[in-house]
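Examining the three-dimensional arrangement
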Amino acid sequence: MQLIVHGGAGDEPDHPGKRQAVLDEAAASGADAATPVEAVVNAIDVLESDRRFNAGVGGAIQSDGIVRTDAGMMTDERRVGAACSMPGVRHAVGVARHVMADTPHVLVSGEHAVALAEGFGIEREDLTTERTRERFGDADPPETTNVHERIEWVREHFSGADTVGAVAVEEGSVAAATSTGGRWYALAGRVGDVPQVGCGFYASPAGGASATGAGEDIARSTLAREAVRRLEDGEGPTEAAENVLEAFEEQTASTAGIIVLDESGRAGSAYNSAAMQTSGGNTTLG
C-alpha cells in the first residue's frame, strides 16, 4: 500500500511536532489497510479524532455556534461518495464511504446524512473543544436573526482553510478522500470544496488528489480534478502538484495545498500557504 496524508494548508501550527506525530500515525494506520478505500478511511479517521486538526473533533465553528462536517471520496473506478453539513458527526469520511458503498447516491446532506450515519453506527457527538469555544466566543457572534446583519458579520470574520486528506494506491487501484470541519464563522450550512467531486478530491486510473485551502476558490477552479488531469497528460506527481497550484494562485490569488499520488505510488505535494504538513507510507517522490 502506498499512501500520502495531509493535515491541511493554513497558518503555521502551534505544535508542529505533535501534529506531525499524529500524521505519521495516520499514515501508518492507512498503510496497514487491505484496500486503498480502507487505507484513506483509516488514515483520516485518526485525524478526525485529534483536536489539532480541522476535521471532526475541534473543527471550525459556523456562525450559529455549531460544527458541521463534510467529506468526500472517490476511486479509480469512478465510485464516489460524499456527505456534507453534518452537525456533530466526527467520522465524516466514514459516512462518505457508506454513501459510496451502500447507497445509489453521490452526496447526502444535513440531518438526513446524520440519520444515515447513525444507521451505520456513526453517532453524533460534541465536536467543540475548550479552545474552539473560546475562539468562537472571542469573535463576539451576533445574536440577531437579521440575515443581512449576520452576513456582514460573516464577511468580517470568515477565515481559516484547513482540511485533512489522503490518497492511497495498491497495485494500480486508487482512492482519494478529504474531510473537514469547514471554515471558521461561515454561514450556518455553508458547504465548501471538500464534498464536491473534482474540487476537494478526485481519482482516476492515473492517480488521485486531495486538496486543502480556501474552499470557495478551490471549488471555482476544480483543483483536485485539474491535478489528476495533469497526471493523465503525463506529468509526474510533483510536477502536477506544483503546476496546478501555480495556475490556481494565478487564477485566484488565493491559498491552497494539494497532495497527489499516481498509479505507481509516486507522490507529490505543493502549497502556497504558510504551512502544510504531510506524511507518506511506502511512497517515493515523482
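Structural data are supplied above this passage.
Source: prediction; values computed, not measured. (Residues numbered from 1 in each chain as written. Predicted model: local features only at pLDDT ≥ 70, side-chain atom pairs only at ≥ 80, totals over all residues. Heavy atoms only, no water.)

Details of a positive patch on the surface
Stated precisely, the cut-off is as follows: Residues enter patches when their relative accessible area tops 30% and they take part in no salt bridge; the joining distance is 9 Å for like charges and 5 Å for the nonpolar side chains Val, Leu, Ile, Met, Phe, Trp and Tyr. Computed with the Shrake-Rupley method and a 1.4 Å probe, the accessible areas treat only the protein chains shown as cover for residues. Take a side-chain nitrogen of Lys or Arg and a carboxyl oxygen of Asp or Glu: if they are within 4 Å of each other, that pair is a salt bridge. In this charge count, Lys and Arg are treated as positive and Asp and Glu as negative; neither His nor the chain ends contribute. We put the charge of a Lys on NZ, of an Arg on CZ, of an Asp on CG and of a Glu on CD. Numbering of helices and strands starts at the N terminus; helices are DSSP runs of H or I of at least 4 residues and strands are runs of E of at least 2. For the exposure calls, accessible area comes from a 1.4 Å probe over protein chains only, and a residue counts as buried if that area is under 20% of its type's maximum, exposed if over 50%, partly exposed in between.
A contiguous patch of positive charge, built from Arg51, Arg131, Arg133 and Arg135, is present on the exposed surface. Here Arg135 is to be found in helix H5 (residues 130-138). A relative accessible area of 32% places Arg135 in the partly exposed class.

Considering the environment of Gly234
Here Gly234 is to be found in the loop between helix H8 (223-232) and helix H9 (237-252). Classification of Gly234 as exposed rests on a relative accessible area of 63%. Separated by 28 residues in the primary sequence, Gly234 and Ala206 place their C-alpha atoms 9.0 Å from one another.

Observations concerning the nonpolar core
Heads up, the condition is: We call a set of buried Ala, Val, Leu, Ile, Met, Phe, Trp, Tyr and Cys residues a nonpolar core when their side-chain atoms join them within 4.5 Å. Any two residues whose heavy atoms approach within 4.5 Å are treated as being in contact.
Residues Leu3, Val5, Val40, Leu47, Met73 and Met86 are the most contacted members of the largest nonpolar core, which totals 40 residues. Considering each element in turn, this core owes the most residues, 8 residues, to helix H2 (residues 36-48). In contact with Leu47, other than residues within four places in its own chain, are Val5, His6, Val22, Leu23, Ala26, Phe53, Ala55 and Val164.

Digging into empty space enclosed by the protein
Basically, it comes down to this: A pocket here means an open set of points on a 1 Å grid, computed over the protein atoms alone, that has protein on both sides within 12 Å along at least five of seven lines. A cavity is instead a set of points where a 1.4 Å probe fits but cannot get out; residues with an atom within 4 Å of a point line either one. Grid points are joined across faces, edges and corners, and a volume is the space filled by probe spheres set on the points. Put simply, Ala, Val, Leu, Ile, Met, Phe, Trp, Tyr, Cys and Pro go in the nonpolar bin, Asp, Glu, Lys and Arg in the charged bin, and everything else, Gly too, in the polar bin.
For the structure shown, the criterion picks out 1 cavity of 30 Å³ or more. If you add up the space inside the largest cavity, you get close to 60 Å³. Along the wall of the largest cavity there are 13 residues; nearest its centre are Thr163, Thr180, Arg190, Asp193 and Val194. Residue classes in the lining of the largest cavity are distributed as 2 nonpolar, 6 polar and 5 charged.

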